[in-house]
Amino acid sequence: MRRFTFKLLRFLLLFLSCVWLVLALIALSTNWTLKYEYTYFGHRTHWGSSLERVQEFEQWADQNTQQPKGLIIGSSTAYRNLNPHILSEQTQVNWFNYGSSNQSPKMSYFLLQQAFDRSKIDYVLLDIYGPIAKHNGLEAAFDLIYNSELNWWQKTQLLWRYPNTKLWLRYGYFYTKKILPCPTYIIKDSTNGTYLKKGFVCSNQPALQHYNQVQKAKKIPAFPELQQIAALCHANGARLILNIAPSLYESFLLPTTFRKYPVIQLNQFNNPRHFYDSHHMTCEGATEYTQRIGKKLLRYAPPPQTR
């Protein structure tokens, strides 16, 4: 048995060494060509602004002020549609938008755990876009591991939550490039929006002129992570508020489980000129939408002097 264990460990060590050697060769090849990195891993991207958002979040979390703090979590409808600068002005709460691409409730729960460990947060605004409710968050894990500067321990925790071979290889490749003399190439696309700080991306794509599809009623599926997020907020003294992201394609019906929590839903926000696709808003659309959300938020997050 001892002999078998030794041979197995030796094989694993040899296998991992070979994998790392391949990663290192691909990383070093970027000194001359980007072909192999693009073929096997793809380049890092700027599309979700995770690089800037995570770095700025750490600064925001470390701020020691008397002003209450509010954290927005959710998918791209959070970081594109909800402007924390406007919410901060309206509610006198220091809001930060910690949304990310395809951020599922499972991923929101993970990020919220990390956020509470880092900072005192008074309000959590969970933005829910119906079709994302049942996603597992693997795409978000790829984004945060490859396109952000989350610390190594947070990224390692993500690996255990998402046992995916490609994800492990991207993790290995990311840190291989950190220790070898090779350039980092990040794809940037100015037409995808402008990062305006506090986690918010202003989408400068042209607005829709009309939207011909008939809006369909669809029920948002209940998801177990909501109770976990609520329990986490309660344990840390934060108030959880749900925001239902609007869609031109669907009108969302809420499950009964949502009745336990404060819910904001603007059913009549459906002017195509506020959107550049069925559920993401232009800069102007996000401004008007956020102003309306801010007025609703005052019921649940009143200014400090009126508490």
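Note that the structure is predicted; figures quoted are calculated from it, not measured.

(A) Molecular detail of the overall build of the protein chain. Looking only at helices and strands, the protein chain features 11 helices and 11 strands. Relative to a compact globule of 307 residues, whose C-alpha radius of gyration would be 19 Å, the protein chain shows 21 Å and is just as compact. The long-range share in the protein chain, meaning contacts at least 24 apart out of those at least 6 apart in sequence, stands at 77%. If you sum the accessible surface of the protein chain, you get close to 15600 Å²; carbon and sulfur atoms cover 57% of it. Taking the average place of the 34 positive charges on the side chains of the protein chain and the average place of its 18 negative ones, the gap between the two points comes to 8 Å.

(B) The sheet that holds strand E9 (residues 239-244), seen in detail. Strand order in the open sheet formed by 5 strands is E3-E2-E4-E9-E11, with parallel pairing between adjacent strands. Where the open sheet ends on each side, the last strands, each with one partner, are strand E3 (94-97) and strand E11 (263-265). Direction aside, neighbouring strands of the sheet carry axes that sit 20° apart on average. Helix-sheet contacts for helix H10 (residues 225-235) involve strand E4 (123-128) and E9, and the interaxial angle to E9 is about 145°. Sheet strands touched by helix H11 (residues 283-297): E3, E4, E9 and E11. Its angle to E9, the strand with the most contacts, is close to 140°.

(C) Quick peek at the environment of Val 93. Mapped onto the elements of the fold, Val 93 is located in the loop between helix H5 (84-91) and E3. With a relative accessible area of 0%, Val 93 lands in the buried category. The sequence separation of Val 93 and Gly 70 amounts to 23 residues, and the corresponding C-alpha distance is 6.2 Å.

(D) Just H5, in detail. Among all positions in H5, only Pro 84, Ile 86, Leu 87, Ser 88 and Thr 91 are buried. Lining the buried residues of H5 we find strand E2 (69-73), E3, E4 and H11. With a side-chain oxygen positioned 2.9 Å from the backbone nitrogen of His 85, the residue opening H5 is Asn 83. Positioned one or two residues after H5, Gln 92 has a phi angle of 60°, which is positive.

(E) Quick look at the nonpolar core. By size, the foremost hydrophobic cluster in this structure holds 51 residues, and its most contacted members are Leu 71, Tyr 98, Met 107, Leu 112, Val 124 and Leu 240. Residue contributions to this core peak at 7 residues, all from helix H6 (residues 105-118). If you look at the next biggest cluster of nonpolar residues, it comprises 25 residues, including Leu 82, Val 93, Ile 264 and Met 281.

(F) Up close: the state of the cysteines. In the structure shown here, the tally under the stated rule is 1 disulfide. In this model, Cys 202 is linked to Cys 283 through a disulfide, with the two sulfur atoms separated by 1.7 Å. With the S-S bond torsion at 130°, the cross-link from Cys 202 to Cys 283 turns out right-handed. Taken together, the residues span a long stretch of sequence, with Cys 202 in strand E7 (residues 201-202) and Cys 283 in helix H11 at a distance of 81 residues. Cys 283 matches Cys 202 in its accessibility class, with the two residues each being buried. Free cysteine: Cys 18, not disulfide-bonded; nearest cysteine sulfur from Cys 182 at 20 Å.

(G) Layout of the side chain of Asp 143. Mapped onto the elements, Asp 143 comes out in helix H7 (residues 138-147). For Asp 143, which is buried and forms no salt bridge, the nearest opposite charge comes from Arg 53, at a distance of 6.0 Å. Excluding residues within four positions of it along the chain, Asp 143 makes contact with Ser 50, Ser 100, Ser 101 and Ser 148.

(H) Broad picture of the packing of helix H3 (residues 50-61) against H7. Contact geometry for H3 and H7: axes closest at 9 Å, N-to-C directions at 75°. Judged by the inter-axis angle, H3 sits roughly perpendicular to H7. Contacts between H3 and H7 pair Ser 50, Leu 51 and Val 54 from the former with Asp 143, Leu 144 and Asn 147 from the latter. A breakdown of the residues in the contact of H3 with H7 according to their chemical character gives 3 nonpolar, 2 polar and 1 charged.

So, how was this worked out
Residues numbered from 1 in each chain as written. Predicted model: local features only at pLDDT ≥ 70, side-chain atom pairs only at ≥ 80, totals over all residues. Heavy atoms only, no water. Helix = DSSP H or I, 4+ residues; strand = E, 2+ residues; numbered from the N terminus. Rg over C-alpha atoms; globule rule 2.2 N^0.38 Å. Contact = heavy atoms within 4.5 Å. Areas by Shrake-Rupley, 256 points an atom, 1.4 Å probe, with all protein chains shown as cover. Lys, Arg positive; Asp, Glu negative; His and termini not counted. Charge placed at Lys NZ, Arg CZ, Asp CG, Glu CD. Pairing = 2+ DSSP bridges. Axes fitted to C-alpha atoms, helices over the stretch in contact; angles between N-to-C directions. Buried < 20%, exposed > 50% of the residue type's maximum accessible area, 1.4 Å probe, protein only. Polar contact = N/O pair within 3.5 Å; in protein donor to acceptor, adjacent residues only side chain to side chain. Core = buried A, V, L, I, M, F, W, Y, C linked by side-chain atoms within 4.5 Å. Disulfide = S-S within 2.5 Å. Salt bridge = Lys/Arg side-chain N within 4 Å of Asp/Glu carboxyl O. Parallel < 35°, antiparallel > 145°, perpendicular 65-115°, else oblique. Nonpolar A, V, L, I, M, F, W, Y, C, P; charged D, E, K, R; others polar.

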